[in-house]
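Examination of the molecular architecture
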Protein chains: 2
Amino acid sequence: MSRPSPAVSKKTVSRVINRSEFITDKTRQAVEQAIKMLGFVPNPQARALAFRRNFLIALLHDNPNAQTVLNFQQGVLDAIKDSDLALLVRPVDRGSDRLLDDVRVFLEKQRPIGAMLLPPISENDDLAALCENLGVRYVRVGSAPLDDARHCVSSNDREVVAEAVGKLVELGHRRIGFVRGPVGFRSAAERERGFHEALSKAGLTLPAGYSAPGNYRYAAGIEAGEALLSLAEPPTAIFCSNDEMAAGVMSVAYGKGIAVPADLSIIGFDDSPTATHIWPALSTVRWPIREMGVRAARILVPDFLDIGAKSSDEANVMASTFVERQSVAPPSR
Amino acid sequence: MSRPSPAVSKKTVSRVINRSEFITDKTRQAVEQAIKMLGFVPNPQARALAFRRNFLIALLHDNPNAQTVLNFQQGVLDAIKDSDLALLVRPVDRGSDRLLDDVRVFLEKQRPIGAMLLPPISENDDLAALCENLGVRYVRVGSAPLDDARHCVSSNDREVVAEAVGKLVELGHRRIGFVRGPVGFRSAAERERGFHEALSKAGLTLPAGYSAPGNYRYAAGIEAGEALLSLAEPPTAIFCSNDEMAAGVMSVAYGKGIAVPADLSIIGFDDSPTATHIWPALSTVRWPIREMGVRAARILVPDFLDIGAKSSDEANVMASTFVERQSVAPPSR
DNA sequence: CCTGTAGGAGACACCGGTGTCAAAGGCAAG
DNA sequence: CTTGCCTTTGACACCGGTGTCTCCTACAGG
């Protein structure tokens, strides 16, 4: 296997690698064969320097739910598997007053092709504007459209929550409690809207004290459960804004000797592992987070992914679904 | 604020940034001040090109437990927060026969400073050798020492499992079942050894059929629960190799009307969110995974972390702890 | 057969740092 | 004050690609 002297300049190789159109098929094929034969791998650092852009996707997140982050991450990785891209993970501190500066320094240093913003920080418009200014592509992931379609992947949480609560109504529940998500979270607001829509549609009102505050954590579920189940006339069903809080409510029910689902129906949101690990298994809303990761990547870097013209046709509102398990039954009284 | 003409060459700036010793304090301070004043941030891509090394740490994982991966990741990020390093996440497919090639290409392309190997792939000696050959520093995370101290962070799982099972014995349990982890996992083997040590120490033997296979998944817990709790003389306590399987066993107990902990004590391993979300809350072994992430970073890149000579003094076997909750009680008969 | 033209390929500078080695500067000794 | 040595600083090439501009070549048309 003789190694021929360089018949083409490195610039020509560069053209082949970057799919330049000013090159004949003959040359292209010759170079491609040589690349394959020699196992040549372009140095990404050199490319990054010349392009002033690193072939990376940054995942910026501040989501308390590990499963959500990792599932999304997995979706992104699925999508970029056969590309030249890699994934940089960057948790940020939503509460920090240096948030914007931190992210700015990070983006300026790493110069990723694009950034993905997971909720709840995806709801921060300043971050999106920062990406825009720095010339970093971005995609925001949310529970409802946050931006124009070029920058947003979302799911139809509101509708599905309404559907789930509608099922409770169909089963005969009239006293339905609600455990809210954290204040200021779009996802929480969407879930709450869906809940109220279902109630309105059924002509029901929310009795005083039937809506408890929460923050997506188990402990908040405990508190909410204590509050709701100590009422003189407690709800016969409770919709919790996420699974962790639903687990908290369920454990309070156990403590009080209230049987689930016989005496109390519970619905959660997320379809986290917890939903199937508790007993009875929790009816919940599955959020297609992994698929959203794939979709987000396709929106962010279609030019790196060898996908056809299809990409822009795909919906960027993904379908959440209500998953019925054993925590829901008709009211006992 | 006048911008003085360059009084020093860029090489001198480079020396300051890279903490070269061949530079006077006076020059160093002047340059440092200028850097701060101008907000100069060295371009990592250029440095990467010149150093032939990217200032990144790669996290290679194939762990089914999202919480574990994310906790570890968080620990690493805690440790490198104030450094110039960033974290690249790379899931790998343990089963793939191209595993080594995939990782090789990844490491050759990204050229990270170092790689962290999470279990179970940390148990793959070929991967460690590959890192060695490519000149990529590495740290292996395991349930027991896998390599010399320069390359390993582990925890004392075996001892703590023995301790936990010892507690069961102290409470009076004599018929103790075991749900195993996946075959070939070091972590599973360590937990099993700890279990058997405790039994031996107490002079107990494992009755036939008291050890059920498992794979760390909930469904395996269900199967194991069905098997163990259907025995003519079922165990009064079961140690499960992880929390998910413990949750499965617990749900089978519920289905059979067996009260936990009154009629059956259950212990898990991981202290995952599931452990506190199920009812009764699960006694389990907490694995200090986040702290291990910090420690792994200190072992991997002490020179980037502004830590004193202390680093090498720290133990690289971290302490797991037995967390007692409500799933354990004396046997009822 | 010669010339004009379009499009493919190459030369060279450049991206923003670091390695190497030579030069400059400071200080002590003569 | 001069010399010599050691330390600090600077000049320049280089890392491995890409952008720009120029040159060359093949082909069509006169």
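In this text the structure is predicted, and so the values were computed from the model without any measurement.

What follows is about the overall build of chain A. When you go through chain A residue by residue, the secondary structure sums to 12 helices and 12 strands. Each principal axis of the C-alpha distribution contributes one length, and for chain A these read about 90 × 40 × 35 Å. Relative to its 333 residues, chain A shows a buried fraction of 52%. Looking at chain A alone, contacts between residues at least 24 apart form 71% of all its contacts between residues at least 6 apart. When the accessible surface of chain A is totalled, it reaches about 15,100 Å², and 50% of it is carbon and sulfur. Side chains of chain A give 39 positive and 39 negative charges; the mean places of these two sets differ by 7 Å.

Moving on, we get to the pattern of salt bridges. Residues and elements named next belong to chain A. The full count for this structure, using the stated rule, is 33 salt bridges over all chains. Among the ionic pairs, R140 bridges to D125, the shortest N-O distance being 2.7 Å. In this pair, R140 sits in strand β4 (residues 137-142) while D125 sits in helix α6 (residues 125-134), placing the two residues 15 residues apart along the sequence. Here R140 falls in the buried class, since its relative accessible area comes to 2%. Between R158 and E197 there is a salt bridge, with its nearest N and O atoms 2.8 Å apart. Linking R158 in helix α7 (residues 157-170) with E197 in helix α8 (residues 186-201), this pair joins segments that are 39 residues apart in sequence. Classification of E197 as partly exposed rests on a relative accessible area of 35%. A single salt-bridge network, built from bridges that share partners, covers R158, R186, E190, R193 and E197.

For the rest of this paragraph, the subject is the interface of chain A and chain B. Tallying the contact residues gives 37 residues for chain A and 37 residues for chain B. Summed over both partners, the interface of chain A with chain B buries about 3,500 Å², with 63% contributed by carbon and sulfur atoms. At the boundary of chain A with chain B, the tally comes to 2 salt bridges. For D84 of chain B, the salt bridge is made with K109 of chain A, and the minimal N-O distance between the two is 3.1 Å. Those elements giving two or more residues to the side of chain A that touches chain B turn out to be α3 (44-51), β1 (54-61), α4 (66-80), β2 (86-91), α5 (99-110), α10 (243-255) and α11 (273-277) of chain A. It is α4 of chain A that provides the largest number of residues to the side of chain A that touches chain B, a total of 7 residues. The residue makeup of the side of chain A that touches chain B, split by class, is 20 nonpolar, 13 polar and 4 charged.

This part takes up the relation of the copies chain A and chain B. For the pair chain A and chain B, the superposition axis carries a translation of 0.1 Å, the fit reaches an RMSD of 0.1 Å, and the rotation angle comes to 180°. Both copies are brought into coincidence by an operation consistent with a two-fold rotation axis. When the interface residues of chain A are mapped onto chain B, 100% of them again lie at the interface, so the same face is used by both copies.

Moving on: the protein's contact with DNA strand C. Around DNA strand C sit 27 residues, and of these T12, R15 and T27 of chain A together with S14 and N18 of chain B come closest. One nitrogen or oxygen atom from the side chain of R15 of chain A is found 2.5 Å from a base oxygen belonging to DNA strand C. Take K10 of chain B: an N or O atom from its side chain is 2.8 Å from a base nitrogen of DNA strand C. A total of 5 residues in the surface near DNA strand C trace back to one element, the largest contributor, which is helix α3 (residues 44-51) of chain B. When the residues that make up the surface near DNA strand C are grouped by side-chain class, the tally is 13 nonpolar, 7 polar and 7 charged.

We now examine the protein's contact with DNA strand D. Close contacts around DNA strand D come from 27 residues, with S14 and N18 of chain A together with T12, R15 and T27 of chain B the closest. Side-chain polar atom of K10 of chain A to a base nitrogen of DNA strand D: 2.8 Å apart, as the coordinates give it. Note that a phosphate oxygen of DNA strand D is positioned 3.1 Å from one of the side-chain N or O atoms of T24 of chain B. Mapped by element, the contributors of at least two residues to the surface near DNA strand D are α1 (10-17) and α3 of chain A together with α1 (10-17) and α3 of chain B. When the residues that make up the surface near DNA strand D are grouped by side-chain class, the tally is 13 nonpolar, 7 polar and 7 charged.

Parameters and conventions
- Residues numbered from 1 in each chain as written.
- Chains lettered and ligands numbered in written order.
- Predicted model: local features only at pLDDT ≥ 70, side-chain atom pairs only at ≥ 80, totals over all residues.
- Heavy atoms only, no water.
- Helix = DSSP H or I, 4+ residues; strand = E, 2+ residues; numbered from the N terminus.
- Buried < 20%, exposed > 50% of the residue type's maximum accessible area, 1.4 Å probe, protein only.
- Contact = heavy atoms within 4.5 Å.
- Areas by Shrake-Rupley, 256 points an atom, 1.4 Å probe, with all protein chains shown as cover.
- Lys, Arg positive; Asp, Glu negative; His and termini not counted.
- Charge placed at Lys NZ, Arg CZ, Asp CG, Glu CD.
- Salt bridge = Lys/Arg side-chain N within 4 Å of Asp/Glu carboxyl O.
- Buried area = accessible area lost by both parts, 1.4 Å probe.
- Nonpolar A, V, L, I, M, F, W, Y, C, P; charged D, E, K, R; others polar.
- Least-squares fit on C-alpha atoms with pLDDT ≥ 70 in both.
- Near = heavy atom within 4 Å.
- Polar contact = N/O pair within 3.5 Å; in protein donor to acceptor, adjacent residues only side chain to side chain.

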